[in-house]
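Chain residues, written in single-letter form:
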Amino acid sequence: MCGSTKCKQYNIKNAGCMICFGTVPCTPGCNIGACALSSVNEYASLSSGQCHMFIGGGPYYFPPYGKDITKELITTPIVQHPLKVRGFGIAFDPEFFYYVNVTSISVDHKVVSFNDSLLSIGKDAWGGTALSTTTTTTTFTILRDSIYEVLVSAFTKAAAFRKMKRVESVAPFGACYESKSVARSQTGPVVPYIDIGLAGNTHWRFYGANSMVSVNKDILCLAFVGAPVRTSSIVIGAYQMENYLIKFDLESSKLRISTSLLFRNTTCSQFRI
C-alpha cells in the first residue's frame with residue numbers, strides 16, 4: 001500500500017497511488033491505494049540494450065555462428081488473457097503483455113517449490129506469466145513475493161555450493177555477491193542456472209548474463225525482483241530477454257525462443273540477413 005515499507009524499499013518517489021476508472025471492480029493490477037510499483041529503478045541503465053525487432057519469419061543469422069537460428073527455437077503456446085477491458089495503469093494492462101504457461105521454476109536443475117496455482121490465470125484474471133513488451137516499465141523480471149522468496153532461497157543455497165560470497169543486498173535486489181568470487185564465461189557470470197519450465201515440455205534457461213546484474217564494479221545481484229501484489233504472478237522483464245531471439249508467431253499463437261545467443265558465441269548486435 002502507499003507509504004508502506006515495501007513501496008519505500010523500491011524507491012517509489014512521486015509515483016502516487018493507483019487510481020482506477022471505468023470498471024467496477026477495478027481491473028487486476030489497478031488497485032486503489034496501492035503504490036504504482038514497477039521494476040524501473042536506478043539500475044535500469046545497466047541493461048546492455050542488446051535488443052532488436054524483426055518483422056518476418058527469417059532466416060536469421062548471427063555471425064560467427066553460421067546456422068539459421070530460427071531452426072533451433074523452442075516453442076510454447078501464447079495464452080489469451082481473459083481480461084479485455086482496459087483500466088488505467090498502462091504498465092499493468094493485459095493488452096500490453098503476451099502470456100505463456102509457466103509450469104515450473106528450477107535452480108541448477110532443482111525445482112523450486114511454491115503454490116503452483118499462481119502460475120495459472122484464474123477466473124478473476126489474476127495470476128499467470130506475462131512477457132513485458134514495454135521495456136520502460138519492466139526492466140527486470142518481477143515475481144509475486146511468495147515465489148520470489150523461495151527463488152532467492154534456492155539460488156542462495158546453490159550459490160553457496162559454488163562458493164559465491166554473499167554480501168549485503170542492494171535494493172531492490174534480494175541476493176547480491178562479491179564480483180571477484182564469481183567466475184566468468186562466454187554466457188556471463190558463472191552462477192546457478194535458472195530454468196523456466198514452459199508448456200510443451202520445454203524450458204527457457206537463463207545464464208548469468210541474464211540472471212545477474214552488476215550494480216557496481218564490486219557487486220553482482222540476482223536480477224529478479226519481488227512485488228507484493230500484481231495482476232500477473234510473473235512478468236518476464238526486458239533484461240532477461242536480451243540476446244535471445246524471441247519470435248511472436250501471432251498467426252499460430254506460438255512463442256518461439258532461442259537459447260542464449262551468447263551460448264553460440266554471438267549477440268543480437270551481430271545480426272545479418
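Keep in mind that this is a model prediction, so the values were computed, not measured.

Draft legend 1. Geometry of the sheet that holds strand β7 (residues 166-167). Read across the open sheet, the 4 strands follow the order β7-β8-β14-β13; overall the sheet is antiparallel. Every interior strand has two partners, whereas the edge strands, β7 and β13 (212-216), have only one. Sheet analysis places strand β8 (residues 176-178) next to strand β14 (residues 219-222), joined by 3 bridges and oriented antiparallel. Residue pairing across strands places Y177 opposite L220, the latter belonging to β14. Contacting β7, β8, β13 and β14, helix α2 (residues 145-161) runs over the sheet at an angle of about 15 degrees to β8.

Draft legend 2. The confidence of the model for the protein, seen in detail. When the pLDDT values of the protein are averaged, the result is 79; 71% of them are 70 or greater. In the model, residues 6-49 has pLDDT below 50 throughout and makes 102 contacts with residues more than four positions away in sequence or in other chains. Ignoring residues within four places in sequence, the model shows residues 84-92, a span with pLDDT below 50, making 25 contacts including any to other chains.

Draft legend 3. Summary view of the pattern of salt bridges. By the definition in use, this model includes 6 salt bridges. A salt bridge links E72 to R264; the shortest N-O distance between them is 3.3 Å. Of this pair, E72 sits in the loop between α1 (5-9) and β1 (74-79) while R264 sits in the segment after β18 (254-257), placing them 192 residues apart in sequence. E178 is the partner of K165 in a salt bridge, and the nearest nitrogen-oxygen pair spans 3.7 Å. With K165 in the loop between α2 and β7 and E178 in strand β8, this pair connects stretches of sequence that are 13 residues apart. Classification of K165 as partly exposed rests on a relative accessible area of 47%.

Definitions and limits used
- Residues numbered from 1 in each chain as written.
- Predicted model: local features only at pLDDT ≥ 70, side-chain atom pairs only at ≥ 80, totals over all residues.
- Heavy atoms only, no water.
- Pairing = 2+ DSSP bridges.
- Helix = DSSP H or I, 4+ residues; strand = E, 2+ residues; numbered from the N terminus.
- Contact = heavy atoms within 4.5 Å.
- Axes fitted to C-alpha atoms, helices over the stretch in contact; angles between N-to-C directions.
- pLDDT = per-residue confidence, 0-100.
- Salt bridge = Lys/Arg side-chain N within 4 Å of Asp/Glu carboxyl O.
- Buried < 20%, exposed > 50% of the residue type's maximum accessible area, 1.4 Å probe, protein only.

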